[in-house]
Amino acid sequence: AVVSTQSTGYDKQGRRVTLDDLRGKYIGIYFSGHWCSPCRKMTPVLSQVWQRESSRFEVIWVTQDHSEGDANDYYNKSMPWLRMPFNEARSIGRELFSAVRQRYIPTLTMLDPSFNVINYNARSQIERDSSGRGFPWRG
């Protein structure tokens, strides 16, 4: 498996969070980068839904940025959720991107509370449903 339940992300305060810690929530694995114009448009929409649904929804950001500085700036300015560390995003994140059948960014792969993929690419649903009424955007 590319990711285990002990895989680690970090919250805005720098605290370590594992997938096990998120069991019971829907999880969106969000691939994007600061240089990507469609990503910069999708991030605020996803953020609004995350804020409304945060009791049952977590997002893990996997940067597609080319430098850690750019990734840090984009995350700190735009994202309230968890992130995969930059060095892991460059290795494990790339494997994960392929494993969940992605080719373009931005994209959001949705997992159910038991970590099963329910939508490989929820991007179009989110863009059409910025209110989040269709959450969790099953495929």
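Residues numbered from 1 in each chain as written. Predicted model: local features only at pLDDT ≥ 70, side-chain atom pairs only at ≥ 80, totals over all residues. Heavy atoms only, no water.

Q: Any details on the nonpolar core? Residues and values, ideally.
A: Formed by 41 residues in total, the largest nonpolar core has its most connected members in Tyr30, Phe57, Trp81, Leu108, Met110 and Trp137. When residues of this core are traced back to their parent elements, those giving at least two are strand E3 (26-32), helix H1 (37-53), strand E4 (57-63), helix H2 (68-78), helix H3 (86-99) and strand E6 (107-111). In this structure, Met110 is in contact with Tyr26, Ile27, Gly28, Phe57, Asn116, Val117, Ile118, Asn119, Ala122, Phe135, Pro136 and Trp137, ignoring residues within four places of it in sequence. (Core = buried A, V, L, I, M, F, W, Y, C linked by side-chain atoms within 4.5 Å. Buried < 20%, exposed > 50% of the residue type's maximum accessible area, 1.4 Å probe, protein only. Helix = DSSP H or I, 4+ residues; strand = E, 2+ residues; numbered from the N terminus. Contact = heavy atoms within 4.5 Å.)

Q: How would you sum up the pattern of salt bridges? Please name residues and give values.
A: A side chain of one charge can pair with a side chain of the opposite charge when the charged atoms of the two come close. This structure, assessed with the given rule, holds 4 salt bridges. Arg123 is the partner of Glu127 in a salt bridge, and the nearest nitrogen-oxygen pair spans 3.0 Å. Taken as a pair, Glu127 and Arg123 lie in helix H4 (residues 123-128) at a separation of 4 residues, close to a single helical turn. Taking relative accessible area as the criterion, Glu127 reaches 45% and is therefore assigned partly exposed. (Salt bridge = Lys/Arg side-chain N within 4 Å of Asp/Glu carboxyl O.)

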